[in-house]
2 protein chains.
Amino acid sequence: MTALPTFADVQAAARRLDGVTIRTPLLENERVNRRLGGRLFLKAECLQRTGSFKLRGAYNFLASMTEADRARGVVGWSSGNHAQGLAEAARLLGVKATIVMPADAPALKVANTRASGAEIVLYDRVKDSREEIGQEIAARTGATIVPPYDHPWILTGQGTAGLEIAEQAATRGVTLDAVAAPCSGGGLATGVALGVKGISPTTTVHAGEPAGFDDLARSLASGSKQKNDRLSGSICDALLAPTPGDVTFPLAQKVLGPGLVVTDEEVLDAMEVAFREFKLVVEPGGAVALAAALTGKLPVKGRAVAVICSGGNVDHATFKRAIDRAAA
Amino acid sequence: MTALPTFADVQAAARRLDGVTIRTPLLENERVNRRLGGRLFLKAECLQRTGSFKLRGAYNFLASMTEADRARGVVGWSSGNHAQGLAEAARLLGVKATIVMPADAPALKVANTRASGAEIVLYDRVKDSREEIGQEIAARTGATIVPPYDHPWILTGQGTAGLEIAEQAATRGVTLDAVAAPCSGGGLATGVALGVKGISPTTTVHAGEPAGFDDLARSLASGSKQKNDRLSGSICDALLAPTPGDVTFPLAQKVLGPGLVVTDEEVLDAMEVAFREFKLVVEPGGAVALAAALTGKLPVKGRAVAVICSGGNVDHATFKRAIDRAAA
């Protein structure tokens, strides 16, 4: 595949994922709607198998590989959610998986990845190159590298969440004005844009990023790929990719609206609202799009807007920090 | 209606609720299944509108009333979830609602009930009779009393959750060995038993109760209605009804298996598992059936079992107490 992926590729991914991934609910809350003066829909991907949307892309990738390639195994690197998604996809398809994870990833994510039967290799997020470690393993074992976002099979797999959102909204007679998704390397946001726009072409799709890690927002604004200054330091541990991907960026320029940027404090407030109003456990990186909607950076007033809460793999201490911010 | 309600009544309720209540997801978790050695399904009624299953029964009741009765309004009493369900059902159907709530109900539940537009009357759980207060309001205004559980329209409305569980399991090719639901006065458990058994007659349905408030378990065991010694004192604020209902008890004798009784500590542990593994916010009373499954009081090993997590309206402090019990 050299051409940009299309809606048809998302539809094909949806057929592969049928019966494997959960069609997560699209939730709405009367009180939140009254407060915002519009309709806010929340796609609860934290309820997805493995606790995040990542199983969609990983399973679609592995199911698209040849039998011969699958027999040699897969290797991936990830701050945690792609790791769990990939490990579980590999388990479901009987493929050997090796996962390269940062040593400072949440303990819960490391333990859960190991529980799916994957082999774990830890690295230092600042000193080491996870790409080099992964590539060395692939060269030595013949395993296929499954990248966290920058591949058509990955992003079209993630895009099935967007397809579902558009279908679920249409079932209720709603045409969405906007959809927003959390963004690290852009796999979810671009895939979701393909999935949403294939059904609802007038809907604008936005990527949400944490302040200081808004490489995609700045890249979209400037027209060329920008890098983040730092590699760590946000509460959103899942959203720290340094720059947009070579596959995702040209697609993002075609299908995404302006980027949305939120602070760690706004993310914690959004997690508290998810707890109190939606009864959902959302991890910091999973809450950036919700934070954008609740702060008005993504306007909801007089509109119909859907946000993806992309994961729920959060440590106990961080979640307690969020619910300590109970609204007055 | 003097005869006991039937499966057909639950089906009729499901038609009334179509497009009003959410078909909440039936979730499963690979790690939990591996640990228990069976398949545990979790019906996430905490994601229901108003944060609990109670909208089902309340809406079914109001939709079954005559126009003339609806015009005179409704009155109800509740520790909180029935209050919110009834207030929201009344709002949706344009009916005036007055709700009698205990003064020690969680602040969140009182505030949320008020937000639906209902008039709130507070009472002392030990000194006052909520029944007398409600009956006085009904006599004075002509409003219809909507009881929290002891009415065929209420329990068959709640039973739609059971209908959905049986349908959702059947879609996956699963025949459930057992279903368990939290129990205060028995409206949910008996309704769910009707709904489940209409589709899956071999499934056993159990009611879960907090230790010290196991009036239904003791009533089923002894064959006659038993009372609880205390009226308050469990963390499960939603499950403190003093004795089984006149409608629910004879039905319970016919459709329920032995009762399940769990401690407050076991409930807190179950809330922590719901947080960590299922990414759900479950209130104490909503977690008793899950607690029974996790402790082996409701065996899961080698079986397929569904539990209803019936609500998520929990105060921040109580939820923090639960997640402080992180498993080793």
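Not measured: the values here are computed from a predicted model.

**What about the sheet that holds strand S10 (residues 304-309) of chain B?**
Residue and element names in this part refer to chain B.
Link 1 in the chain: The six strands lie next to each other as S1-S2-S10-S7-S8-S9, forming an open sheet whose pairing is mixed. Because the sheet does not close on itself, it has two edges, and the strands there are strand S1 (26-28) and strand S9 (260-262). Shown here is a sheet whose adjacent strand axes are inclined to one another by a mean of 25°, direction ignored.
Link 2 in the chain: Across three bridges, the pairing between strand S8 (residues 204-210) and S9 is parallel. From the neighbouring strand, Glu209 faces S9, where its bridge partner is Val261.

**Things to note about unusual backbone geometry**
Note on backbone geometry: most residues besides glycine have negative phi, and most peptide bonds are trans.
Link 1 in the chain: Phi at Lys279 of chain A takes a positive value of approximately 60°, unusual for a residue other than glycine.
Link 2 in the chain: One can find Lys279 of chain A in the loop between helix H13 (264-278) and helix H14 (288-294).

**Brief notes about the domain arrangement of chain A**
Residues and elements named next belong to chain A.
Link 1 in the chain: For chain A, the assigned domains are domain 1 (7-52 + 153-323) and domain 2 (54-150).
Link 2 in the chain: Between the C-alpha centres of domain 1 and domain 2 the distance comes to 23 Å.
Link 3 in the chain: Contacts between domain 1 and domain 2 engage 39 residues on the former and 29 residues on the latter.
Link 4 in the chain: Taking both partners together, domain 1 and domain 2 bury about 2,800 Å²; carbon and sulfur atoms supply 55% of that area.
Link 5 in the chain: On the domain 1 side of the contact with domain 2, Thr50, Trp153 and Ile154 bury the most area, a combined 24% of that side's loss.
Link 6 in the chain: Remark: the boundary between domain 1 and domain 2 carries three salt bridges.
Link 7 in the chain: Linking Arg56 and Glu164 is a salt bridge whose minimum nitrogen-to-oxygen distance equals 3.0 Å.
Link 8 in the chain: Summed over the shared surface of domain 1 and domain 2, the number is 14 residue pairs in polar contact (both at pLDDT 80 or more).
Link 9 in the chain: Residue assignment for the side of domain 1 that touches domain 2 shows that the elements contributing at least two residues are helix H1 (7-17), helix H8 (152-158) and helix H9 (160-171).
Link 10 in the chain: Examining the composition of the side of domain 1 that touches domain 2, we find that six residues originate from one element, H8, more than from any other.

**A short note on the interface of chain A and chain B**
Link 1 in the chain: At the interface, 33 residues of chain A touch 33 residues of chain B.
Link 2 in the chain: Summed over both sides, the interface between chain A and chain B buries roughly 2,800 Å², with carbon and sulfur atoms accounting for 60% of that surface.
Link 3 in the chain: At the junction of chain A and chain B, the tally comes to four salt bridges.
Link 4 in the chain: Linking Glu30 of chain A and Arg49 of chain B is a salt bridge whose minimum nitrogen-to-oxygen distance equals 2.3 Å.
Link 5 in the chain: Inspection of the chain A/chain B interface yields 16 residue pairs in polar contact (both at pLDDT 80 or more).
Link 6 in the chain: Of all the secondary structure elements, the ones that give two or more residues to the side of chain A that touches chain B are helix H2 (30-36), helix H5 (81-93), helix H6 (107-115), H13 and helix H15 (316-323) of chain A.
Link 7 in the chain: Per-class residue counts for the side of chain A that touches chain B are 15 nonpolar, seven polar and eleven charged.

Reading guide: rules and limits
- Residues numbered from 1 in each chain as written.
- Chains lettered and ligands numbered in written order.
- Predicted model: local features only at pLDDT ≥ 70, side-chain atom pairs only at ≥ 80, totals over all residues.
- Heavy atoms only, no water.
- Pairing = 2+ DSSP bridges.
- Helix = DSSP H or I, 4+ residues; strand = E, 2+ residues; numbered from the N terminus.
- Axes fitted to C-alpha atoms, helices over the stretch in contact; angles between N-to-C directions.
- Domains from an automatic or database assignment.
- Contact = heavy atoms within 4.5 Å.
- Buried area = accessible area lost by both parts, 1.4 Å probe.
- Salt bridge = Lys/Arg side-chain N within 4 Å of Asp/Glu carboxyl O.
- Polar contact = N/O pair within 3.5 Å; in protein donor to acceptor, adjacent residues only side chain to side chain.
- Nonpolar A, V, L, I, M, F, W, Y, C, P; charged D, E, K, R; others polar.

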